[in-house]
Amino acid sequence: MNGLIGAVLFLILAPIAGGLIAGIDRKITARMQGRVGPPLLQPFYDVGKLFEKENVVVVTAQNFYVLAYLIFIALSGALFFAGGDLLLIIFAFTLAHVFLVLGAYAVHSPYSHIGAERELIQVMAYEPMIILAAVGLYMVSGSFYVADIAAATVPAILYLPGVFLGLAVILTIKLRKSPFDISTSHHAHQEIVKGITTEFSGSTLGQVEIAHWYENIFLLGFVYLFFSWNPVIGVVAVAVTYVAEIFIDNVTARVRWQAALKSGWLAAAVFGLVNLAILSYMTIGGA
């Protein structure tokens, strides 16, 4: 019953919280750049305008793929906050981005196709580290279920500092922030053509933005699991992590796709695998 309540609350509140976080992100970014910045609720105004515009599509298949992307992103987050199996959640999360890539590939636009290819590169970059993070949390808590991991009294961050650092690296990719915003960006100054979302407009683009809000809340929830033994510390850690990502976004320039791919794999190999190897050795030695 608690799991169902968590899922329903996520589906209802995540877009609101995600939009507010996007507004806070814009305000902090503006202050870092010496600007006043837009109103806090500007992301909601922007999405509202998108739903008011005519939905012009090149091929009707775009609508299906984007809707599937939104549904599976929301489903992965709902399963997460319902305390479900982390491996199943990661599968649904990855499948969602496959639908977004298919939506970009559905049109005959070179810019859209390049964006889709770069999105696939990003999936290849972050997927190993996300799986390693799930394995690490299992090694600490003894379960792949989010409810059990969150209820564990063991401070996961003390056993998984390397895994957390690796997750922070790929979090920059997933939040679509510099230097790894290679498939698309939320910053207008970065590009004239919007990469994977080039051919999306109107309500279709609005659905993509809402999916991003769902995704951000899910990712921040993943960060929270490393500090869930103390809810106050967990919330503070999530806030500090997100502000750090905003700072990195504002002090770095976009890198080439090769650097993004290497960074994701190096984070998985150096931070993730080494941390898990040490933890496994300590566990075996302790036994």
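That block above? That's the structure.
Now for a description of the structure that goes with this document. (Residues numbered from 1 in each chain as written. Predicted model: local features only at pLDDT ≥ 70, side-chain atom pairs only at ≥ 80, totals over all residues. Heavy atoms only, no water.)

Concerning the overall build of the chain
Phase 1: Within the chain, the regular secondary structure consists of 11 helices and zero strands.
Phase 2: Along the chain direction, N to C, the helices and strands of the chain fall in the order α-α-α-α-α-α-α-α-α-α-α.
Phase 3: In terms of overall dimensions, the chain is globule-like: its C-alpha atoms have a radius of gyration of 19 Å, near the 19 Å expected for 287 residues.
Phase 4: In terms of overall dimensions, the chain has a C-alpha envelope of 65 × 45 × 40 Å along the principal axes.
Phase 5: Evaluated residue by residue, the chain yields a buried proportion of 49% over its 287 residues. (Helix = DSSP H or I, 4+ residues; strand = E, 2+ residues; numbered from the N terminus. Rg over C-alpha atoms; globule rule 2.2 N^0.38 Å. Buried < 20%, exposed > 50% of the residue type's maximum accessible area, 1.4 Å probe, protein only.)

Things to note about the pattern of salt bridges
Phase 1: By the definition in use, this model includes five salt bridges.
Phase 2: The partner of lysine 177 in a salt bridge is aspartate 25, with the nearest N and O atoms 2.5 Å apart. Of this pair, lysine 177 sits in the loop between helix H8 (161–174) and helix H9 (202–224) while aspartate 25 sits in helix H1 (residues 2–32), placing them 152 residues apart in sequence. Both residues of the pair, lysine 177 and aspartate 25, belong to the buried class. (Salt bridge = Lys/Arg side-chain N within 4 Å of Asp/Glu carboxyl O.)

Considerations on the side chain of serine 228
Phase 1: Structurally, serine 228 is set in the loop between H9 and helix H10 (231–251).
Phase 2: Looking at serine 228, its side chain comes within polar contact range of the main-chain oxygen of leucine 225, at 3.2 Å.
Phase 3: Apart from residues no more than four positions distant in its own chain, serine 228 is found in contact with Ile149 and Ala150. (Polar contact = N/O pair within 3.5 Å; in protein donor to acceptor, adjacent residues only side chain to side chain. Contact = heavy atoms within 4.5 Å.)

Description of H8
Phase 1: Helix length check: H8 (14 residues) gives 20 Å between terminal C-alpha atoms against 20 Å at 1.5 Å per residue, within 8%.
Phase 2: Burial analysis of H8 places 10 of its 14 residues in the buried class, which makes it a mostly covered element.
Phase 3: Within H8, burial applies to Gly162, Val163, Phe164, Gly166, Leu167, Ile170, Leu171, Thr172, Ile173 and Lys174.
Phase 4: Arginine 176 lies just past H8 and shows a positive phi near 60 degrees. (Expected span 1.5 Å × (residues − 1).)

Some words on the packing of H1 against helix H2 (residues 42–52)
Each packed pair of helices is defined by two parameters, the angle between the axes and the distance between the axes.
Phase 1: Contact geometry of H1 with H2 gives a least axis separation of 7 Å together with a crossing angle of 115 degrees. Facing H1, whose interface residues are Pro15, Ile16, Gly19, Leu20, Ala22, Gly23 and Arg26, H2 presents Gln42, Pro43, Phe44 and Asp46.
Phase 2: Of the residues in the contact of H1 with H2, the class split is six nonpolar, three polar and two charged. (Axes fitted to C-alpha atoms, helices over the stretch in contact; angles between N-to-C directions. Nonpolar A, V, L, I, M, F, W, Y, C, P; charged D, E, K, R; others polar.)

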